[in-house]
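# Fold and contact review
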Amino acid sequence: MAQLYLRDIPLLRPPGETDLLQILWCPYDHAPDWKPATAVFWRSAASVVDVLATPPEPYEANYPGYVPEPCLLAPEAITEYPNSLELSPEMRLAVGDWSRWQTAGVGVDSSYADYPEEFYDGNLADAPGWKVGGWPPWGRTDPYRRYCTVCDAEMAPLLTIASFEWDGGERRGWAPYEDQAAAYAAGHRAGQDPAQPTKVEVGSTDNMQLYVCPTSPEHPHTDLIQ
């Protein structure tokens, strides 16, 4: 499903001497939430031998979007902020104050005058797309904290598996520099959508978020469709 190296993504913070994260999922819907089951493995890259030239493909899947298109990653470090739903009441009032945006001189279009928080959520908060760590992309439900079933520690976001890297609206601005032109193009060559390089779909526009326990990698992870 996904294979990430510490040399490419320093934010992984792997346990012990491991430097490779492998995430697998089963392309079938599993009860009780009817979504692909996931498995997380931390390994040492040096211990991986006899690498297959061609990854095996499942002979069957519940849905075509559960079978990723093989592709290479080009990790990019970004700065994002929490969804407005996660802000304190005071900060929520601040981002909803149009006069503050005008004073800041950030060039916010006047169309946001009545709802400046939409500019914040669309252009500054919870970046869309596949990402390691970062802020969760809430929307289907209000934010809620997740706790380890073993030690009750608050779990931390590990990976967001996204159906799309960006959408056709204002969040096109999150497209990588090399894809900016394609993000605003009217069509796509050869039917390829640059916003969906993996062709993974977890719902029509949803994300699957994986969380891990910060106390011990041995404790079970959890996942959430959002």
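To start, this report covers the structure provided alongside it. (Residues numbered from 1 in each chain as written. Predicted model: local features only at pLDDT ≥ 70, side-chain atom pairs only at ≥ 80, totals over all residues. Heavy atoms only, no water.)

### Notes on the side chain of threonine 198
Within the element layout of this structure, threonine 198 appears in the loop between helix 4 (180-183) and strand 6 (207-212). Beyond its immediate chain neighbours, meaning those up to four positions away, threonine 198 contacts Val67, Pro68, Glu69, Cys71 and Trp130. (Helix = DSSP H or I, 4+ residues; strand = E, 2+ residues; numbered from the N terminus. Contact = heavy atoms within 4.5 Å.)

### Some remarks on the sheet that holds strand 7 (residues 222-225)
One open sheet holds the four strands; their spatial order is 4-5-6-7, and the pairing between them is antiparallel. Unpaired on one side and paired on the other, strand 4 (131-132) and strand 7 mark the two borders of the sheet. Sheet analysis places strand 4 next to strand 5 (residues 156-162), joined by two bridges and oriented antiparallel. Residue valine 132 lies in a different strand from strand 5, and its bridge partner there is leucine 159. (Pairing = 2+ DSSP bridges.)

### Some points on helix 3 (residues 116-123)
Quick reminder: α-helices carry 3.6 residues per turn. Residues three or four places apart thus point the same way. When we look at burial in helix 3, the residues that qualify are Pro116, Phe119, Tyr120, Asp121 and Gly122. Buried residues along helix 3 sit against helix 1 (89-95) and helix 2 (98-104). (Buried < 20%, exposed > 50% of the residue type's maximum accessible area, 1.4 Å probe, protein only.)

### Section: the pairing of strand 5
Counting buried residues in strand 5 gives five out of seven residues, a clear majority hidden from the surface. As paired strands, strand 5 and strand 6 are joined by six bridges and run antiparallel to one another. Across the sheet, the residue bridging to proline 157 is tyrosine 211, located in strand 6.

### Digging into the environment of isoleucine 225
Along the polypeptide, isoleucine 225 turns up in strand 7. The exposure class assigned to isoleucine 225 is partly exposed, which follows from its relative accessible area of 22%. Taking the C-alpha atoms as reference points, isoleucine 225 and lysine 35, separated by 190 residues in sequence, lie 7.9 Å from one another. Once you skip the residues sitting within four places of it in the chain, isoleucine 225 turns out to touch Lys35, Arg140, Val202, Asp206, Asn207 and Met208.

### Description of the pattern of salt bridges
Two side chains carrying opposite charge are able to pair once their charged atoms lie near each other. Following the criterion strictly, the structure yields five salt bridges and no others. In this structure, the salt-bridge partner of arginine 100 is aspartate 97, at a minimum N-O distance of 3.8 Å. Beyond isolated ion pairs, a larger network of salt bridges with shared partners links Asp33, Lys35 and Asp223. (Salt bridge = Lys/Arg side-chain N within 4 Å of Asp/Glu carboxyl O.)

### Regarding the side chain of threonine 18
In this fold, threonine 18 is placed in the loop between strand 1 (2-5) and strand 2 (20-25). Of note is the side chain of threonine 18, whose polar atom sits 2.6 Å from the backbone oxygen of proline 15. Residues within four places of threonine 18 in sequence aside, it is in contact with Trp42, Arg43 and Ser44. (Polar contact = N/O pair within 3.5 Å; in protein donor to acceptor, adjacent residues only side chain to side chain.)

### Concerning the sheet that holds strand 1
Pairing in this open sheet of three strands is antiparallel, and the strands run 1-2-3 from one edge to the other. Looking at strand neighbours, the two that pair on one side only are strand 1 and strand 3 (38-43), the edges of this open sheet. Averaged over neighbouring strand pairs, the angle between their axes works out to 15° when direction is ignored. Bridge count for strand 2 against strand 3 is six bridges, and the pairing is antiparallel. When the sheet's bridge partners are listed, leucine 21 is paired in strand 3 with tryptophan 42. (Axes fitted to C-alpha atoms, helices over the stretch in contact; angles between N-to-C directions.)

### Some details on unusual backbone geometry
Cis geometry marks the peptide bond from alanine 31 to proline 32, where omega comes out at 5°. Looking at the element boundaries, proline 32 is found in the loop between strand 2 and strand 3. Positive phi, normally seen in glycine, also occurs at arginine 13, with a value near 50°. By the element assignment, arginine 13 lies in the loop between strand 1 and strand 2. The phi angle at lysine 199 is positive, at roughly 60°, despite the residue not being glycine. Relative to the helices and strands, lysine 199 is located in the loop between helix 4 and strand 6. Using a relative accessible area of 32% as the deciding quantity, one classes lysine 199 as partly exposed.

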